[in-house]
Amino acid sequence: MRLEIDPERKVHTGTCDCCGTPFERVTGFINSDDGAYAIYYASCYHHDGVHEAWIDVVFDDAWDPDDPVTPTGSNRVTFGCRVGPVANNPDPACTLVPAASVVPDEPLYGHKLDRDEALQHPWLSAYWHTVDHILEHDTTVRQHLYGVPADEQ
């Protein structure tokens, strides 16, 4: 399946509530050949000199092409992962985490999956495919984690 990040994605800057360091948060839509496919949020942090990104992806099998944010389908779910260094690995790795844990429960997110739920969910492979696409094609995330803009692969 061909995915494409909508060029109207937004990048917001802020300050981490935990440690006061600056961060960037990307909000965007991902489209497939069939139209609206997912909404993603990628938060890029520099915690203690470590580059990491927390990526939440919202999936729904009933997107309204004219208003993908609302209303929500009954199967809407959000997956989450952390991308960053892990023990005994010099390269960033992806680890499932509770989805959208830093934001309040809102209909936009549907059911926010915890790690165990995500591991059992039938859309898990679609999530990893989407995360791979974000890591490869979102300039902000790629530059943050790998130091290489998306157009210099």
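Residues numbered from 1 in each chain as written. Predicted model: local features only at pLDDT ≥ 70, side-chain atom pairs only at ≥ 80, totals over all residues. Heavy atoms only, no water.

Draft legend 1. Highlighting unusual backbone geometry. The phi angle at N88 is positive, at roughly 60°, despite the residue not being glycine. With respect to the helices, strands and loops of the structure, N88 is situated in the loop between β6 (77–86) and β7 (89–97). Phi at A100 is positive, roughly 45°, even though this residue is not glycine. Examined against the element boundaries, A100 turns out to sit in the loop between β7 and β8 (111–112). For A100, a relative accessible area of 1% gives the class buried. (Helix = DSSP H or I, 4+ residues; strand = E, 2+ residues; numbered from the N terminus. Buried < 20%, exposed > 50% of the residue type's maximum accessible area, 1.4 Å probe, protein only.)

Draft legend 2. Representation of the pairing of β7 in the model. With 6 bridges connecting them, β6 and β7 associate as antiparallel partners. Bridge pairing in β7 places V83 opposite C94. Linking two consecutive strands that pair antiparallel, namely β6 and β7, is a turn of 2 residues; a positive phi of about 60° is found at N88 within it. (Pairing = 2+ DSSP bridges.)

Draft legend 3. Quick peek at the nonpolar core. With 27 residues, the main nonpolar core has I55 and Y127 as its most contacted residues. Elements represented by at least two residues in this core include exactly β1 (3–5), β3 (22–32), β4 (35–47), β5 (50–59), β6, α2 (124–137) and α3 (139–146). With near-sequence residues (within four places) excluded, Y127 lies in contact with I55, V57, F59, F79, G80, C81 and L96. Counting 7 residues, the second largest nonpolar core, distinct from the first, contains I39, V58, W63 and Y109. (Core = buried A, V, L, I, M, F, W, Y, C linked by side-chain atoms within 4.5 Å. Contact = heavy atoms within 4.5 Å.)

Draft legend 4. Geometry of the packing of α2 against α3. The interhelical angle for the contact between α2 and α3, taken along N-to-C directions, is 80°, at an axis separation of 6 Å. One way to sum up the angle between α2 and α3 is to call them roughly perpendicular. Here I134, L135, E136 and H137 of α2 lie close against α3, whose contacting residues are T139, V141, R142, L145 and Y146. When grouped by side-chain class, the residues that make up the contact of α2 with α3 number 5 nonpolar, 2 polar and 2 charged. (Axes fitted to C-alpha atoms, helices over the stretch in contact; angles between N-to-C directions. Parallel < 35°, antiparallel > 145°, perpendicular 65-115°, else oblique. Nonpolar A, V, L, I, M, F, W, Y, C, P; charged D, E, K, R; others polar.)

Draft legend 5. View of the pattern of salt bridges. Under the definition given, this model contains 6 salt bridges. Between D138 and R9 there is a salt bridge, with the nearest N and O atoms lying 3.4 Å from each other. In this pair, D138 is assigned in the loop between α2 and α3 and R9 in the loop between β1 and β2 (10–15), connecting sequence segments 129 residues apart. Given a relative accessible area of 0%, D138 falls into the buried group. R82 is the partner of E52 in a salt bridge, and the nearest nitrogen-oxygen pair spans 2.6 Å. Of this pair, E52 sits in strand β5 while R82 sits in strand β6; the two residues are 30 residues apart in sequence, bridging distant segments of the chain. Of the two residues examined, E52 and R82, each falls in the buried class. Where salt bridges share partners, they join R2, E4 and D33 into one cluster. (Salt bridge = Lys/Arg side-chain N within 4 Å of Asp/Glu carboxyl O.)

Draft legend 6. Structural detail: α3. Restricting attention to buried positions, one finds in α3 the residues T140, V141, R142, H144 and L145. G147 sits one or two residues past α3 and shows a positive phi near 75°.

Draft legend 7. Just α2, in detail. The end-to-end C-alpha separation of α2 is 20 Å, in line with the 20 Å expected for 14 residues at 1.5 Å each. Every buried residue belonging to α2 is among L124, Y127, T130, V131, H133, I134 and L135, and all of these are buried. (Expected span 1.5 Å × (residues − 1).)

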